[in-house]
Amino acid sequence: MTIPAPADFIHVIENALDPAWCAAVVARLGASRDLQPGRIGSGVFPDMKDSLDLTLLGKPEWDDVANTLNTAVIAGLRDYVRRWPHTLVAPLMLEVPDGAKRHRLTAERLQAMDDDALTPLLMHVFRPGVINLQRYTAGRGGYPYWHCELFPRDAHGETLHRHLLWTVYLNDGFAEGETEFLYQQRKIAPKTGSLLLAPAAFTHTHRGNRPQGGDKVIATSWVLFQRAEALFGAR
């Protein structure tokens, strides 16, 4: 495997979703009566995160939106792991079929897989997280607290299964409002339909800067590992 130039592992895919579709979701969210003050791990703290959120879990009327977002994320994940194959290869010692035999998955073998072979492998190892739609009010809203996506919140360790974070920017046309990564010294400017993927750990500590001149609307969630019992069976 040829090792690429030093990378920050932040991946942005433009036009991952159609801008007209994004605009329809923004309008639909604006008409929703289910928006709630944005929460972080332990509660509502507007000084750390000031937003109005809609969690799609348990809302079948939003399944079409969740399915479209997850389909785009799978496509983005394929692109991500081909670029950085150890996203998948390093954490697990996987074997994959090769005719009548099986062989150890390597970075080179992963990069050579077509979509039909790679997609079921990704779905075997990973699962989608709960999707949140979030609106940040111009001049006030934001997530200024530097944070990462891993923390030991519950006894089941669900939040520790997060491997990558993702954000889809559902609108633009405002100033600032970037997703800013601390150690990489990089700001991602929102662009309608763009998909951002990055590691969930402290190395990619980040914040959501306050939008100016217009509200910012995003969809966000995580790519999680399957739980151990799903990957390895009950023990």
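Residues numbered from 1 in each chain as written. Predicted model: local features only at pLDDT ≥ 70, side-chain atom pairs only at ≥ 80, totals over all residues. Heavy atoms only, no water.

(A) Structural context of the pattern of salt bridges. Using the criterion set out here, one finds 14 salt bridges in the structure. Between Arg 186 and Asp 8 there is a salt bridge, with its nearest N and O atoms 2.9 Å apart. With Arg 186 in strand β12 (residues 186-188) and Asp 8 in the segment before β1 (11-13), this pair connects stretches of sequence that are 178 residues apart. Look at Arg 186 and you get partly exposed, because its relative accessible area is 28%. With relative accessibility at 22%, the residue Asp 8 sits in the partly exposed group. Two residues, Glu 229 and Arg 227, come together in a salt bridge whose shortest N-O distance is 3.3 Å. A cluster of three or more residues bridged by salt bridges with shared partners is formed by Arg 127, Glu 158, Arg 227 and Glu 229. (Salt bridge = Lys/Arg side-chain N within 4 Å of Asp/Glu carboxyl O. Helix = DSSP H or I, 4+ residues; strand = E, 2+ residues; numbered from the N terminus. Buried < 20%, exposed > 50% of the residue type's maximum accessible area, 1.4 Å probe, protein only.)

(B) Fine view of the side chain of Asn 171. In this structure, Asn 171 sits in the loop between β9 (162-169) and β10 (175-176). From its side chain, Asn 171 meets the backbone oxygen of Asp 215 in a polar contact 2.8 Å long. One polar contact links the side chain of Asn 171 to the main-chain amide nitrogen of Val 217, over a distance of 2.8 Å. Setting aside its immediate chain neighbours within four residues, Asn 171 contacts Val 26, Pro 190, Thr 192, Asp 215, Lys 216 and Val 217. (Polar contact = N/O pair within 3.5 Å; in protein donor to acceptor, adjacent residues only side chain to side chain. Contact = heavy atoms within 4.5 Å.)

(C) Structural context of the environment of Leu 231. Position of Leu 231 among the secondary structure elements: in helix α6 (residues 228-232). For the pair formed by Leu 231 and Gly 43, sequence separation is 188 residues and the distance between their alpha carbons is 32 Å. Look past the residues within four positions of Leu 231 in its chain and what remains in contact with it is Leu 92, His 124, Val 125 and Gln 226.

(D) The arrangement of helix α2 (residues 63-83) in detail. Over its 21 residues, α2 extends 30 Å from the first C-alpha to the last, a length consistent with the 30 Å expected when each residue adds 1.5 Å. Within α2, the full set of buried residues consists of Val 65, Ala 66, Leu 69, Ala 72, Val 73, Gly 76, Leu 77, Arg 78, Tyr 80 and Val 81. (Expected span 1.5 Å × (residues − 1).)

(E) Here's a closer look at a nonpolar patch on the surface. Together, Leu 182, Tyr 183 and Phe 202 give the surface a local cluster of nonpolar side chains, amounting to about 340 Å² of exposed area. Its place among the elements puts Leu 182 in the loop between β11 (179-181) and β12. On the basis of relative accessible area, Leu 182 is assigned to the partly exposed category, the value being 32%. (Patch = residues over 30% accessible without salt bridge, like charges linked within 9 Å, V, L, I, M, F, W, Y side chains within 5 Å. Areas by Shrake-Rupley, 256 points an atom, 1.4 Å probe, with all protein chains shown as cover.)

(F) Geometry of the packing of α2 against helix α5 (residues 115-125). At a minimum axis distance of 10 Å, the contact between α2 and α5 shows a crossing angle of 100 degrees. In terms of their interaxial angle, α2 and α5 are classed as roughly perpendicular. In contact with Ile 74, Leu 77, Arg 78, Val 81 and Arg 82 of α2, α5 contributes Asp 115, Leu 118, Thr 119, Leu 122 and Met 123. Counted by class, the contact of α2 with α5 contains six nonpolar, one polar and three charged residues. (Axes fitted to C-alpha atoms, helices over the stretch in contact; angles between N-to-C directions. Parallel < 35°, antiparallel > 145°, perpendicular 65-115°, else oblique. Nonpolar A, V, L, I, M, F, W, Y, C, P; charged D, E, K, R; others polar.)

(G) How the structure looks around the layout of surface pockets. Taken as a whole, the largest pocket encloses approximately 1,000 Å³ of empty space. Every residue lining the largest pocket is counted, 47 residues in all, and those nearest its centre are Arg 39, Lys 49, Asn 132, Glu 149 and Trp 222. At the level of elements, β2 (36-37), β3 (52-55), β6 (126-128), β7 (132-136), β8 (143-147), β9, β14 (206-208) and β16 (216-225) are the ones that each hand at least two residues to the lining of the largest pocket. Top element by residues in the lining of the largest pocket is β16. It accounts for six residues. Residue composition of the lining of the largest pocket, grouped by class: 19 nonpolar, 16 polar and twelve charged. Empty space within the second largest pocket amounts to approximately 250 Å³. Of all the elements in the fold, those that place two or more residues in the lining of the second largest pocket are α2, α5, β6 and β16. (1 Å grid on protein atoms, 1.4 Å probe; cavity = no way out; pocket = protein on both sides within 12 Å on 5 of 7 lines; lining within 4 Å. Points joined across faces, edges and corners; volume = space filled by probe spheres on them.)

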